[in-house]
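# Tertiary structure, described
The primary structure of each chain is shown beneath.
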Amino acid sequence: MEYLIEVGDELAAKDAIKLARGNRILLWRGDFRNALQLLAAMKRRLRRVPRGTSPADTFRRYRQATTERSRILSRVQVELGPGYTLTLPHAPDITRACRLAFGDASDNRMPLTEILGALGADRWRTRGVHVPALQARIHPHYGVFAPTRQEYVDLVAEAPWPRPRTALDIGTGTGVLAAVLAKRGAGHVEAVDIEPRAVECARENLARLGLSARTTVSRHDLLPAGKADLVVCNPPWLPGPAATPLDAAIYDPGSRMLRGFLRNLPRHLSGHGEAWLVLSDLAVRLGLRAGTEALIAAAGLRVLDRLDIRPRHKVSRDDPLAEYRAAAITSLWRIRV
Ligand SMILES: C[S@@+](CC[C@H](N)C(=O)[O-])C[C@H]1O[C@@H](n2cnc3c(N)ncnc32)[C@H](O)[C@@H]1O
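All of these numbers come straight from a predicted model, not from anything done at the bench.

Looking at where aspartate 252 falls in the secondary structure, it is placed in strand 12 (residues 251-252). As a buried residue without a salt bridge, aspartate 252 has its nearest oppositely charged side chain in arginine 256, at a separation of 5.5 Å. Beyond its immediate sequence surroundings of up to four residues, aspartate 252 is in contact with Pro236, Leu238, Pro239, Gly240, Met257 and Leu258.

The next subject is the state of the cysteines. For the coordinates displayed, the defined rule picks out zero disulfides. Between cysteine 98, a cysteine without a disulfide, and cysteine 201, which holds the nearest cysteine sulfur, the sulfur-to-sulfur distance is 18 Å. Exposure remark for cysteine 98: the relative accessible area of 0% places this residue in the buried category. Among the cysteines around cysteine 201, which has no disulfide bond, cysteine 233 carries the closest sulfur, lying 17 Å off. Looking at cysteine 201, the relative accessible area reads 0%, which means it is buried.

Summed over the entire model, instances satisfying the criterion amount to 20 salt bridges. Here glutamate 323 makes a salt bridge to arginine 51, at a shortest N to O gap of 3.6 Å. Here the residue glutamate 323 occupies a position in helix 12 (residues 322-327), and arginine 51 occupies one in the loop between helix 2 (32-45) and helix 3 (55-73), the gap between them amounting to 272 residues. The exposure class of glutamate 323 is partly exposed, given its relative accessible area of 48%. Here arginine 125 ties to glutamate 204 by a salt bridge, and the two come within 3.6 Å at their closest N and O atoms. Of this pair, arginine 125 sits in helix 5 (residues 112-127) while glutamate 204 sits in helix 8 (residues 196-208), and the two are 79 residues apart along the sequence. Among the residues examined, glutamate 204 registers a relative accessible area of 28% and is labelled partly exposed. Through salt bridges with shared partners, one network takes in Glu274, Asp305, Arg334 and Arg336.

With that settled, the discussion passes to the packing of aromatic side chains. In the structure shown here, the tally under the stated rule is six aromatic pairs. Look at tyrosine 84 and phenylalanine 102: their rings are 6.4 Å apart centre to centre, the planes differ by 40°, and that puts the pair in the tilted class. Remark: phenylalanine 102 occurs in helix 4 (residues 95-102) and tyrosine 84 occurs in the loop between strand 3 (76-79) and helix 4; sequence separation between them is 18 residues. Classification of phenylalanine 102 as partly exposed rests on a relative accessible area of 25%.

What follows concerns the sheet that holds strand 3. Reading across from one edge, 1-2-3-4 is the order of the four strands in this open sheet, with mixed pairing throughout. Edge positions in the open sheet fall to strand 1 (3-7) and strand 4 (109-111), since each of these has one partner strand only. Between one strand axis and the next, the sheet turns by 35° as a mean value, whatever way the strands run. As paired elements, strand 3 and strand 4 share three bridges and run antiparallel to each other.

Our next topic: the site of the ligand. As a matter of local geometry, the ligand sits amid 20 residues, with Tyr152, Gly171, Asp193, Asp221 and Asn234 nearest to it. Within the side chain of tyrosine 152, an N or O atom sits 2.6 Å from an oxygen atom of the ligand. Between the ligand and arginine 256, the relevant distance is 3.3 Å, taken from a nitrogen atom to a side-chain nitrogen or oxygen of the residue. Taking 600 Å² as the accessible area of the ligand by itself, protein coverage stands at 97%. Looking at the shell around the ligand, the elements with two or more residues in it are helix 7 (176-184) and helix 9 (256-264). Looking at side-chain class alone, the shell around the ligand contains 11 nonpolar, five polar and four charged residues.

Moving on, we get to the UniProt feature "domain: Methyltransferase small" (unreviewed entry) in the chain. When the UniProt feature table is mapped onto this chain numbering, "domain: Methyltransferase small" (unreviewed entry) sits at residues 160-244. Between the end C-alpha atoms of residues 160-244 the distance is 35 Å, and the span holds 26% helix and 28% strand.

It is worth spelling out the domain arrangement of the chain at this point. Reports of interface size often rely on the accessible area that becomes lost once the parts have come together. Each assigned domain of the chain is listed with its residue range as follows: domain 1 (3-125) and domain 2 (129-336). Each of domain 1 and domain 2 was reduced to a C-alpha centroid, and the two centroids are 31 Å apart. Listed by partner, the interface residues are 17 residues for domain 1 and 26 residues for domain 2. The largest contributions to the domain 1 side of the interface with domain 2 come from Phe59, Arg63 and Arg125, which together make up 36% of the buried area. Inspection of the domain 1/domain 2 interface yields three salt bridges.

Criteria and thresholds
Residues numbered from 1 in each chain as written. Predicted model: local features only at pLDDT ≥ 70, side-chain atom pairs only at ≥ 80, totals over all residues. Heavy atoms only, no water. Helix = DSSP H or I, 4+ residues; strand = E, 2+ residues; numbered from the N terminus. Buried < 20%, exposed > 50% of the residue type's maximum accessible area, 1.4 Å probe, protein only. Lys, Arg positive; Asp, Glu negative; His and termini not counted. Salt bridge = Lys/Arg side-chain N within 4 Å of Asp/Glu carboxyl O. Contact = heavy atoms within 4.5 Å. Disulfide = S-S within 2.5 Å. Phe/Tyr/Trp six-rings, centres within 6.5 Å; stacked < 30°, edge-to-face > 60°. Pairing = 2+ DSSP bridges. Axes fitted to C-alpha atoms, helices over the stretch in contact; angles between N-to-C directions. Near = heavy atom within 4 Å. Polar contact = N/O pair within 3.5 Å; in protein donor to acceptor, adjacent residues only side chain to side chain. Areas by Shrake-Rupley, 256 points an atom, 1.4 Å probe, with all protein chains shown as cover. Nonpolar A, V, L, I, M, F, W, Y, C, P; charged D, E, K, R; others polar. UniProt positions renumbered as here; feature names shortened; annotations may be inferred. Domains from an automatic or database assignment. Buried area = accessible area lost by both parts, 1.4 Å probe.

Right, dumping it as structure tokens:
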């Protein structure tokens, strides 16, 4: 049972956490900027994650801690007027961002973290992410995996080109890899994703890049019917449950997408066709799944070549998985039947 209490500028982070842990919804009545400061202070207090007895145990604790942190922070909520209006002092205009993220029908109360997520996503969507491999910007939508780290895009842009007439991009997200394939000269690229938000986002990006005539985007679970000369997939790279659509781009329960992709691949590759599986080995380093080569072999497929790239981004000191993230290698596995 949750209880609602009204809180304001005088509330300290320590007390806010205590109240939130005691199942209180903290309805913020103070200044919007002070609410942001409160959330930041709560995050700092909640950022420590105890190390486990093994890499897999540290990962399990990390996920537990991040889920619990989101739950606690989501208890700081604000009251909304019709059409996502916020009347707190210094509150920004949230209408457009929330409409794009959550649709037209608004609740009369929302977690502040969700509103901040929508505002952040709207900024990315408007500004876009520059992708050097495309010499263009990709505009991510709310809840869609953004190509902010681009090692994997470079792998796809630089791998030996098999001159495919047809290509498939499985789990297209923003459509960034479909765009790279089309720009490299694939005759036609069919891109699919299980998330409707990703489908809309990829369509919009490919249209903006002038690639609509040579690409199609549709909603599909794993591989669509038919065969292609090149099948590309950058699946979620960590096994585990996903709470949000964005989580579902990173976490995949039981590596369902990875295993399903490999299992179904032989039926979707043309005779001389090639598949490119783009995957980080972080899960292997954490002891969460078997090595990628073993999974490929178990699906009756053979590895033609492997191109590796190291992460270029900095890892946070507070992240208990930092050493594993820093050492992780992303590979493009060239696979044939
Ligand atoms: C790591 S993201 C990659 C996105 C994009 N290809 C890129 O490289 O930026 C994984 C994508 O796979 C999608 N996905 C997850 N499970 C899927 C499934 N069973 N079938 C199709 N797409 C799936 C997610 O929605 C997400 O967009």
